[in-house]
Number of protein chains: 2
Amino acid sequence: MPLPDFQKNLDRLLDCGQLKVWSMVVTVLGDFSENRPVRISGRVLDLLVGRLGITNQALRVALHRLRRDGWIEAEKEGRTSNYFLTERGWSMTRAVRPIIYGDAVDRSAPVWMAIAPPQLSAAEISDALPGDAVTVSNRTAILAGSPDPLGPDWLITDFSATGLPGWVQSQLCGDELRAAYTLLARQARALTLPPEADLLDRTVLRLLTLHQWRRLRLRHGPLPDLLLPPDWAGAQARQAVLEVLSALPRPSLADLQAAYERENGG
Amino acid sequence: MPLPDFQKNLDRLLDCGQLKVWSMVVTVLGDFSENRPVRISGRVLDLLVGRLGITNQALRVALHRLRRDGWIEAEKEGRTSNYFLTERGWSMTRAVRPIIYGDAVDRSAPVWMAIAPPQLSAAEISDALPGDAVTVSNRTAILAGSPDPLGPDWLITDFSATGLPGWVQSQLCGDELRAAYTLLARQARALTLPPEADLLDRTVLRLLTLHQWRRLRLRHGPLPDLLLPPDWAGAQARQAVLEVLSALPRPSLADLQAAYERENGG
């Protein structure tokens, strides 16, 4: 039976943004697949997401969609199915792992400014810029990493500003994102951590905290961390989240399976 | 009597652009006023510009205009008048002296990129930017020197590009300016220098070469020299012009006055 404290914790984290079931499942599979794509039984998945108020039917729909889109595969085992990330799904979650779980920002990453050649239309500029570029005018953007793919007709300069005006800080992290990070930091800090014995509660809180952080962090590239003050809202959320993840470590799948069997009188 | 060679030289330099008489007079007064505003008699001025095909009447109009605008002053001396740069006129010609007569480009000058804040209109951006800024989009410009006067709401970054696309090179030096510099370099190199004895011819060629160079060089700031390849058209014109100036040194005013008196049977 969920404790009232658990429900309060849950509500705090659910306040941070509505869950998409398929995305939550990717968070769960991704968290357990640190070194390789592990198999998780449909029953354990159902148990975990059920605690978040996700019905078995919604889970089935999400699993179907994820299989169709090539994110996961299923494998029958007796009366249940096991689910695991495909090679592609795993390589995509693995690629973002450092920015989701990492607590250090790589400040050596080069930051550039790119000015579009005059013959490009606004649509062509938008197509050409990587998704994590931050525009500061309709033809000028800041970007991190390699500017090579933009082509030789773009004007590229190192970016090295001594101060960022407010409007540029807003381009790097808009009001909505900042408010979301601030809320997540507050809610993560306000959690009452369940005792060691409550393995399922602890795991669900870990996964939900991770998920809400992952959802926000994947909305942008490295630029806010590279250019905004070190205590910007996203950095505060990162710190609060990583503290929760460290206080609620990932359990072994065997322990989770045992918890499932206890729950179901197994 | 002008020699045919002199006329050929003159035509070469006059080909480089039409003379504005008032501007030519500023070149003459500026050239002689290296350390202080010197007095030049109206008769010597008339002799010098007369060789360029400028009538006495056109000279009088120009002198009137320059006095009205505060560039020069006149002082009666017997039957003639002496002309000299005002304090303001002198400080303005002195300010540009290094870039007109200098053969070295100060490559330590900082180069910036400025991106206008979103609330500024195109007209406000254009007003705010210094005249020698080079725009690379309607809201983004490259500039040299101090960006301070732009105000804290502009995004300012060091400018450090590894290569400049063709369209940026065209912004730094447009086709018309490049063609004008190329022509000036060619014509200056093609001059047949008059012998030492022809003091007037030599002086007139010096002043006209200087004038055509000054006219082009004052159209832009330091950016082309700082950013374009070291052998860009303006640098080639500078080299050709400085060679002429060094081969035809500025005479003393006393020598010029004596030449005037010889011409007029004095």
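Residues numbered from 1 in each chain as written. Chains lettered and ligands numbered in written order. Predicted model: local features only at pLDDT ≥ 70, side-chain atom pairs only at ≥ 80, totals over all residues. Heavy atoms only, no water.

**Remarks on the domain arrangement of chain A**
Residues and elements named next belong to chain A.
Inference 1: Domain assignment breaks chain A into domain 1 (4–100 + 172–263) and domain 2 (111–163).
Inference 2: Domain 1 puts 6 residues into the contact, and the matching count from domain 2 is 7 residues.
Inference 3: Three residues stand out in domain 1 for area buried against domain 2, namely Leu172, Leu223 and Leu227, and they jointly supply 69% of the buried area on that side.
Inference 4: The interface formed by domain 1 and domain 2 includes 0 salt bridges.
Inference 5: Taken together, the connections running from domain 1 to domain 2 amount to 0 residue pairs in polar contact (both at pLDDT 80 or more).
Inference 6: Among the elements that line the side of domain 1 that touches domain 2, the one with the most residues is helix H10 (residues 223–227), at 3 residues.
Inference 7: For the side of domain 1 that touches domain 2, the per-class residue count stands at 5 nonpolar, 1 polar and no charged. (Domains from an automatic or database assignment. Contact = heavy atoms within 4.5 Å. Buried area = accessible area lost by both parts, 1.4 Å probe. Salt bridge = Lys/Arg side-chain N within 4 Å of Asp/Glu carboxyl O. Polar contact = N/O pair within 3.5 Å; in protein donor to acceptor, adjacent residues only side chain to side chain. Helix = DSSP H or I, 4+ residues; strand = E, 2+ residues; numbered from the N terminus. Nonpolar A, V, L, I, M, F, W, Y, C, P; charged D, E, K, R; others polar.)

**Focus on the sheet that holds strand E1 (residues 40–41) of chain A**
The strands that make up a sheet pair up through hydrogen bonds in the backbone, lying either parallel or antiparallel.
All names here are of chain A.
Inference 1: If you trace the 3 strands from one edge of the open sheet to the other, you get E1-E3-E2, paired in antiparallel fashion. The sheet terminates laterally at E1 and strand E2 (72–77), the two strands that pair on one side only.
Inference 2: When E1 meets strand E3 (residues 80–85), the two strands line up antiparallel, connected through 2 bridges. By the bridge assignment for E3, Ser41 is matched with Asn82.
Inference 3: Packing against the sheet, helix H4 (residues 56–68) makes contact with E2 and E3, and its axis sits at approximately 115 degrees to E2. (Pairing = 2+ DSSP bridges. Axes fitted to C-alpha atoms, helices over the stretch in contact; angles between N-to-C directions.)

**Here we look at the interface of chain B and chain A**
By a widespread convention, an interface's size corresponds to the accessible area lost as its parts come together.
Inference 1: Facing 27 residues of chain B, the contacting portion of chain A comprises 26 residues.
Inference 2: Both sides of the chain B and chain A interface together cover about 1700 Å² of buried area, and 66% of this is carbon and sulfur.
Inference 3: Taken as a group, B:Leu155, B:Thr157 and B:Trp167 account for 32% of the area that chain B buries against chain A, more than any other trio of residues on that side.
Inference 4: For the pair chain B and chain A, the interface holds 0 salt bridges.
Inference 5: Linking chain B with chain A are 7 residue pairs in polar contact (both at pLDDT 80 or more), by the criterion used here.
Inference 6: Ranked by residues supplied to the side of chain B that touches chain A, first place goes to strand E7 (residues 155–158) of chain B with 4 residues.
Inference 7: Class assignment of the residues belonging to the side of chain B that touches chain A gives a composition of 17 nonpolar, 7 polar and 3 charged.

**Looking at the nonpolar core**
Inference 1: Residues A:Met113, A:Ile142, A:Leu155, B:Met113, B:Ile142 and B:Leu155 are the most contacted members of the largest nonpolar core, which totals 154 residues.
Inference 2: The contact partners of B:Leu155, leaving out residues within four places of it in the chain, are A:Met113, A:Val136, A:Ile142, A:Phe159, A:Ala161, A:Leu164, A:Pro165, A:Trp167, A:Val168, B:Met113, B:Ala114 and B:Ile115. (Core = buried A, V, L, I, M, F, W, Y, C linked by side-chain atoms within 4.5 Å. Buried < 20%, exposed > 50% of the residue type's maximum accessible area, 1.4 Å probe, protein only.)

**Focus on the relation of the copies chain B and chain A**
Inference 1: Superposition of chain B onto chain A requires a rotation of 180 degrees combined with a translation of 0.0 Å along the rotation axis, giving an RMSD of 0.0 Å. The transformation just described matches what one would write down for a two-fold rotation axis.
Inference 2: Interface residue correspondence from chain B to chain A reaches 96%, placing this contact among same-surface, isologous pairings. (Least-squares fit on C-alpha atoms with pLDDT ≥ 70 in both.)

**A short note on helix H3 (residues 42–50) of chain A**
Inference 1: For H3(A), every residue scored as buried is listed here: A:Gly42, A:Val44, A:Leu45, A:Leu47, A:Leu48 and A:Val49.
Inference 2: Elements that come into contact with the buried residues of H3(A) comprise helix H2 (21–32), E1, H4, E3, helix H9 (199–217) and helix H12 (253–263) of chain A.

**Things to note about the UniProt feature "domain: Transcriptional repressor PaaX-like N-terminal" (unreviewed entry) in chain A**
Inference 1: What UniProt calls "domain: Transcriptional repressor PaaX-like N-terminal" (unreviewed entry) maps, in this numbering, to residues 23–89 of chain A.
Inference 2: What you have in residues 23–89 of chain A is 52% helix and 21% strand, and the ends, taken at the C-alpha atoms, are 12 Å apart. (UniProt positions renumbered as here; feature names shortened; annotations may be inferred.)

**Structural notes on the packing of helix H1 (residues 4–14) of chain B against helix H9 (residues 199–217) of chain B**
All names here are of chain B.
Inference 1: Contact geometry of H1 with H9 gives a least axis separation of 10 Å together with a crossing angle of 10 degrees. It follows from the interaxial angle that H1 and H9 lie roughly parallel. Taking contact as the criterion, the partners of Phe6, Asn9, Leu10, Leu13 and Leu14 in H1 are, on H9, Asp201, Val204, Leu205, Leu208, Thr209 and Gln212.
Inference 2: Residue classes in the contact of H1 with H9 are distributed as 7 nonpolar, 3 polar and 1 charged. (Parallel < 35°, antiparallel > 145°, perpendicular 65-115°, else oblique.)

**Some details on the packing of aromatic side chains**
Residues and elements named next belong to chain A.
Inference 1: On inspection of all chains with the given rule, the structure shows 4 aromatic pairs over all chains.
Inference 2: Residues Tyr181 and Trp232 carry aromatic rings whose centres are separated by 5.5 Å and whose planes lie at 90 degrees to one another, so their mutual orientation is edge-to-face. On the criterion of sequence distance, the pair formed by Tyr181 in helix H8 (residues 175–189) and Trp232 in the loop between H10 and helix H11 (233–247) is long-range, its members being 51 residues apart. The residues Tyr181 and Trp232 share a single accessibility class, namely buried. (Phe/Tyr/Trp six-rings, centres within 6.5 Å; stacked < 30°, edge-to-face > 60°.)

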